Amino acid sequence: MYRILLVDDDPNLRQVLGYHLKKEGYEVNEARDGREALELLKEGTYDLLVTDVRMPRMDGLALLEQSKALNPDLPALLLTAYGTIQDAVEAMRTGAADYLTKPVEKDQLLKVVRKTLQVGELQRENRRLRQNLEEKAPLDAILGTSPPIQQVKEMIRRTGPTDATVLVTGESGTGKELAARALHRLSHRALNPFVIINCAAISGELLESELFGHTKGAFTGAVSDHAGKFKQADGGTLFLDEIGDMDLRLQAKILRALQERVIEPVGSATPVPVNVRMIAATNRDLITMVRNGEFREDLFYRLDVISIRMPPLRERGEDVLLLLKTFCRPSAGNQRKRCNLV
């Protein structure tokens, strides 16, 4: 039996919607607002979240963001009496599976609920199958049998099960993200989130918000609380790609997060505890950057607990043919051409 959490500050509407859902055979729990719903989500598991958008204390969009941090696989339907395009766009951006306008017709509600539950079940099954494959062969994505790549794999095998912070270095295209994923899959955190952020792709102010989150009203456009990447990765692994491009001010906040296991969202002075394993990667020479005052020395040594260097292809001569066969064959098949490798 599917479990549905129904959230609305209107008791009459909750009663009507709950009646229709229960009559359809669903188990329904109810909450009066986002905060009450969040407590129920922490206490039990649900297959679907159905929530109003406009509510006191915590609105539906903020609840949706918090629910995704708790369970990324939980689908959500948002209800609103306003039905504006802006609300719809914001709801879908935040991760809603669908969006319904009040008053909701019974048949439309049940149709959308059935569809959303079916899609959610398929997504969870796909995630389980993918996870099983990843757990069986976490190092298979790193192709190669040459001595340099074998050394990398052995280092990942030994380091993966630990909680040590790892710095992965190497030129662009050498597989730093593959190494980080393998480290995560070999760890006791493998069933928890693996969260990636590219520090070179986001400007300083936005990067701070993306990493640490922000509170409602912290800056123009902050219409609700936002859980940053640290909070999203809680219990799992946070992969900071291209950390050498991060400015010195943010480096100080990363250092504090590593040392004290707490973060402060933008606009808040309240420390938030986080439990993440950090893996960082860069294609830059951090030692030279430290000498030039471009990278914090204390952060470098906190990150460089274990260092894994991904070798470039020119140092992996024995792997060239294997990589050509792997990547050329599908291309040749699609283009109906023969790929001559020898």
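Everything discussed here concerns the structure shown above.
Residues numbered from 1 in each chain as written. Predicted model: local features only at pLDDT ≥ 70, side-chain atom pairs only at ≥ 80, totals over all residues. Heavy atoms only, no water.

J.: Explanation requested: the sheet that holds strand β6 (residues 166-169) in the structure shown.
T.: Strand-to-strand pairing in sheets goes through backbone hydrogen bonds, with the strands running parallel or antiparallel. On the basis of which strands lie adjacent, the open sheet formed by five strands has the order β7-β8-β11-β6-β12 and parallel pairing. Taken across any chain shown, the strands that pair with only one partner, and hence form the sheet edges, are β7 (194-198) and β12 (306-309). For this sheet the average axis-to-axis angle between neighbouring strands, irrespective of direction, equals 20°. (Pairing = 2+ DSSP bridges. Helix = DSSP H or I, 4+ residues; strand = E, 2+ residues; numbered from the N terminus. Axes fitted to C-alpha atoms, helices over the stretch in contact; angles between N-to-C directions.)

J.: It is not clear to me how helix α8 (residues 204-212) should be interpreted in this structure. Could you clarify?
T.: Working note: α-helix, 3.6 residues per turn, so residues spaced by three or four point in the same direction. Buried within α8 we find L207, E208, S209, L211 and F212. Taken from the residues just after α8, G213 is the one with a positive phi, measuring 80°. (Buried < 20%, exposed > 50% of the residue type's maximum accessible area, 1.4 Å probe, protein only.)

J.: How should I be thinking about a nonpolar patch on the surface in this particular structure?
T.: Together, L313, V320, L321 and L324 line one region of the surface with nonpolar side chains, adding up to about 290 Å² of accessible area. Turning to its location among the elements, V320 is positioned in helix α13 (residues 320-335). (Patch = residues over 30% accessible without salt bridge, like charges linked within 9 Å, V, L, I, M, F, W, Y side chains within 5 Å. Areas by Shrake-Rupley, 256 points an atom, 1.4 Å probe, with all protein chains shown as cover. Salt bridge = Lys/Arg side-chain N within 4 Å of Asp/Glu carboxyl O.)

J.: Hey, could you run me through the environment of E210 in this one?
T.: The residue E210 is located in helix α8 in this model. Beyond its immediate stretch of four places on either side in the chain, E210 contacts I197, I202, H226, G228 and K229. (Contact = heavy atoms within 4.5 Å.)

J.: What should I look at first to understand the pairing of strand β3 (residues 48-52) in this one?
T.: Across a regular strand the side chains alternate sides, sitting on one face of the sheet and then on the other. Where burial is concerned, most of β3 is hidden: five out of the five residues are buried. By the alternation rule, side chains of β3 split into L48, V50 and D52 and L49 and T51, which are all buried. Here β3 pairs with strand β4 (residues 76-80) via four bridges, running parallel. Across the sheet, residue T51 finds its bridge partner in β4, namely L78. Handedness of the β3-helix α3 (residues 60-70)-β4 crossover: right-handed. (Right-handed = clockwise from strand over helix to strand, strands pointing away.)

J.: Is there a simple way to think about unusual backbone geometry in this case?
T.: Keep in mind that most residues, glycine aside, have a negative phi and that most peptide bonds are trans. Along the chain, K102 connects to P103 via a cis peptide bond; the corresponding omega equals -5°. Here P103 lies in the loop between β5 (98-101) and α5 (106-136). In this structure, E242 takes a positive phi of about 55° despite not being glycine. Mapped onto the fold, E242 is located in the loop between β8 (237-241) and α10 (248-260). Taking relative accessible area as the criterion, E242 reaches 12% and is therefore assigned buried.

J.: Any chance you could explain the sheet that holds β3 here in plain terms?
T.: Across the sheet, which stays open at both edges, the five strands sit in the order β2-β1-β3-β4-β5 with parallel pairing between neighbours. Two strands lie at the open edges of the sheet, namely β2 (27-31) and β5, each paired on one side alone. On average, each strand axis in the sheet is tilted by 20° relative to the strand beside it, whichever way the strands run. Direction of pairing for strand β1 (residues 3-7) relative to β3: parallel, over a ladder of four bridges.

J.: Just checking my understanding: could you explain α3 for this structure?
T.: Within the span of α3, buried status applies to G60, L61, A62, L63, L64, E65 and S67. For α3, the capping residue at the N-terminal end is D59, with a side-chain oxygen 3.2 Å from the backbone nitrogen of L61. (Polar contact = N/O pair within 3.5 Å; in protein donor to acceptor, adjacent residues only side chain to side chain.)

J.: What is the right way to look at the side chain of K176 in this model?
T.: With respect to the helices, strands and loops of the structure, K176 is situated in helix α7 (residues 176-185). One buried charged residue, K176, forms no salt bridge at all, with the nearest opposite charge on E242 at 4.4 Å. Engagement of the side chain of K176 in a polar contact is seen with the backbone oxygen of E171, the distance being 3.0 Å. (Lys, Arg positive; Asp, Glu negative; His and termini not counted.)

J.: Would you mind showing me how to read the packing of helix α2 (residues 34-43) against α3 here?
T.: The geometry of a pair of packed helices is captured by two quantities: the angle between their axes and the separation between those axes. Between α2 and α3, the shortest axis-to-axis distance is 10 Å and the interhelical angle comes to 10°. One way to sum up the angle between α2 and α3 is to call them roughly parallel. For the pair α2 and α3, the contacting residues are G34, A37, L38, L41 and K42 in the first and L63, Q66, S67 and L70 in the second. (Parallel < 35°, antiparallel > 145°, perpendicular 65-115°, else oblique.)

J.: Explain the pairing of β8 here, please?
T.: Most of β8 is tucked away: five of the five residues are buried. Neither face of β8 is left uncovered, since the one carrying T237, F239 and D241 and the one carrying L238 and L240 both have all their residues buried. Note: β7 against β8, five bridges, orientation parallel. Paired with F194 across the two strands is T237, which belongs to β8. Pairing geometry for β8 and strand β11 (residues 277-282), over four bridges, is parallel. Residue pairing across strands places F239 opposite I279, the latter belonging to β11.

J.: Mind showing me how you'd approach the packing of aromatic side chains here?
T.: Each aromatic ring pair is specified by the distance between its two centres and by the angle formed by the two planes. Enumeration over the complete set of coordinates arrives at four aromatic pairs. With a centroid separation of 6.2 Å and 20° between ring planes, the pair formed by F194 and F239 is classed as stacked. Residue F194 is found in strand β7, and its partner F239 is found in strand β8; the two are separated by 45 residues along the sequence. Looking at F239, the relative accessible area reads 0%, which means it is buried. The positively charged end of R3 is found above the aromatic ring belonging to Y46, 4.4 Å away from the centroid. When the ring centre of F212 is taken as origin, the NZ or CZ atom of K253, which lies over that ring, is 4.7 Å away. (Phe/Tyr/Trp six-rings, centres within 6.5 Å; stacked < 30°, edge-to-face > 60°. Lys NZ or Arg CZ within 6 Å of the ring centre and 35° of its normal.)

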